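This is what each chain is made of:
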Amino acid sequence: MRHLPPHWRLVLPDLRGYGQSPALGIDATRGLRDFADDIAPLLAELSDASGPVTVVAHSMGGGVAMQLLLDHPERIGALVLEAPVSPFGFGGTRDLDGAPTSPDFAGTGGGSVNPDFVRLLAAGDRGIEEQASPRNVLHAFYAAPGFDFGADEELLLTSMLSTAVSEEQYPGDGTVSENWPGMGPGTKGVLNTMSPRWLNLSGIVDVPVKPPITWIRGDQDAIVSDASMFDLALLGKLGAVPGWPGEEECPPQPMVGQTRAVFERYGPYKEIVWTGVGHSPHVERPEEFAAVLREVVGS
């Protein structure tokens, strides 16, 4: 925001259960629709006042933006999707068409998260003593290795710690599965909204109005990539989760490849890849990110 034109109107909503928004329950069986439905009236108000708007979204927010594109394409002038979740959700799929690795989408959803991270997030931990502390996770996964967050680190950490933690919010519930790794997606909470059991955004290829998509990602993203450190299939392959059934039965999800395949079918899109950047290009390269936004908006 510091690098954007002062005459722009910037509206930055907190999704439910985060920041200053109320911790409303999340029905994960609707995919990301609870979040998109929350944003839709705001999108309508802004577009009615000034015409179709530019929607900028990061990570899971990229999935929310794609859901808005499915539901309200005429209200969106352009999308800037930064390290977005795959249109086929997070984990549990193979190949570029999003085919499931198991019938019940085992290894995805609320039970897939590190319970120590959840415990420390709920406690508001700001330390570095435990490996799974929010501060350590911020450093290890939300930017490229060695990135210095500088004076903004405490602000970003405070933002992380504003997450509402419960089965209804983050991370959500889970189920027992007969398939590896023994757990599957539940029906409530944030992480279950991105389980491919409930989420498939590939329908954007058929929307009647197709605003241009600008896709920005870093080549060192450890969260959304074809080798995601949050994908249990990859962790199994690396030996970090025992009992992995092998590449043929449960390969790591090709997240980037899936996104590219869907965007190619969609039509007007541009892929921007920055070298030496992780999961948060807007934090790691703010001036360059702002320059892309200025080019997209054109004023």
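Look up: the structure comes first, before these words.
So, here is what we can say about the structure in this document. Because the structure is a prediction, the values reported are computed rather than measured.

Along its length, the protein carries 10 helices and 10 strands. Against the 2.2 N^0.38 benchmark of 19 Å for 299 residues, the protein shows a C-alpha radius of gyration of 18 Å, consistent with a compact globule. Considering only C-alpha atoms, the protein reaches an extent of 55 × 45 × 40 Å along its principal axes. Per-residue burial over the protein gives 51% buried out of 299 residues. Of all intrachain contacts in the protein linking residues separated by at least 6 positions in sequence, the fraction that spans at least 24 positions is 69%. For the protein, the exposed area adds up to about 13400 Å²; of that, 53% sits on carbon and sulfur atoms. The average position of the 20 basic charges and that of the 39 acidic charges among the side chains of the protein differ by 4 Å.

The next subject is the pattern of salt bridges. If you walk through the whole model with that rule in mind, you get 17 salt bridges. Two residues, Asp 37 and Arg 30, come together in a salt bridge whose shortest N-O distance is 2.8 Å. Ionic pairing is found between Glu 271 and Arg 217, a salt bridge with its closest N-O pair at 2.9 Å. Separated by 54 residues along the polypeptide, Glu 271 in strand β10 (residues 269-274) and Arg 217 in strand β9 (residues 213-218) bring together distant segments of the chain. Judged by relative accessible area, Arg 217 falls into the buried class, the value being 16%. One continuous salt-bridge network, built from bridges that share partners, spans Arg 16, Arg 30, Asp 34, Asp 37 and Asp 38.

This paragraph deals with the environment of Leu 161. Mapped onto the elements, Leu 161 comes out in the loop between α5 (153-160) and β5 (165-166). With residues up to four places along the chain from it excluded, the contact list for Leu 161 reads Leu 121, Gly 124, Asp 125, Arg 126 and Pro 134.

Burial along strand β1 (residues 53-58) is one-sided: Val 53, Val 55 and Ala 57 are buried, while Thr 54, Val 56 and His 58, pointing the other way, are not. Pairing of β1 with strand β2 (residues 76-82), which is carried by 6 bridges, proceeds in the parallel orientation. Note on β2: the bridge partner recorded for His 58 is Glu 82. After leaving β1, the chain enters helix α2 (residues 60-71) and then returns to the sheet as β2, a path that is right-handed.

This part is about the packing of aromatic side chains. The final tally for this structure, using the stated rule, is 5 aromatic pairs. With centroids separated by 4.8 Å and ring planes inclined at 75°, the aromatic side chains of Phe 141 and Phe 230 adopt a geometry described as edge-to-face. Taken together, the residues Phe 141 in helix α4 (residues 134-141) and Phe 230 in the loop between β9 and α7 (232-237) connect sequence positions 89 residues apart. Residue Phe 141 is classed as partly exposed on the basis of its relative accessible area of 23%. Centre to centre, the rings of Phe 147 and Phe 149 are 5.0 Å apart; their planes meet at 90°, and the pair counts as edge-to-face. For Phe 147, a relative accessible area of 24% translates into the label partly exposed. By way of ring pairs, the aromatic residues Trp 215, Phe 263 and Tyr 269 are connected into one cluster. A cation over an aromatic ring shows up here: Lys 210 above the ring of Tyr 266, its NZ or CZ 5.3 Å from the ring centre. Positioned over the ring face of Trp 215 is Arg 217, at 5.6 Å from the centre of the ring.

What counts, and at which threshold
Residue numbers run consecutively from 1 along every chain, following the written order of its sequence. Residue-level local features of this predicted model are given only where pLDDT is at least 70; pairs of side-chain atoms are given and counted only at 80 or more, and the full residue set underlies all totals for whole chains, interfaces and linings. Remark: hydrogens and water are excluded; side-chain values derive from all non-hydrogen atoms of the structure. Counting from the N terminus, the helices are DSSP H or I runs at least four residues long and the strands are E runs at least two residues long. The size measure is the radius of gyration over C-alpha atoms, and the globule rule it meets is 2.2 Å times the number of residues to the 0.38 power. Note on exposure labels: buried denotes an accessible area under 20% of the residue type's maximum, exposed denotes more than 50%, and partly exposed covers the range between, all computed with a 1.4 Å probe on protein chains only. By the convention used here, residues are in contact when the closest approach between their heavy atoms is within 4.5 Å. Note on areas: Shrake-Rupley with a 1.4 Å probe; residue coverage comes only from the protein chains shown. His is not counted, nor are the chain ends; Lys and Arg add positive charge and Asp and Glu add negative charge. By convention, the charge on Lys lies at NZ, on Arg at CZ, on Asp at CG and on Glu at CD. Here a salt bridge means any side-chain nitrogen of Lys or Arg lying within 4 Å of a carboxyl oxygen belonging to Asp or Glu. In this description, strands pair whenever DSSP reports at least two bridges between them. For crossovers, right-handed means that the path from the first strand over the helix to the second runs clockwise, given strands pointing away from the viewer. The rule is short: rings of Phe, Tyr and Trp, with Trp giving its six-membered ring, pair when the centres are within 6.5 Å, and they are stacked under 30 degrees, edge-to-face over 60, tilted in between. Geometrically, a lysine NZ or arginine CZ counts as sitting over a ring once it is within 6 Å of the ring centre and also within 35 degrees of the ring normal.

None of the figures reported here should be taken as evidence of function without further support.
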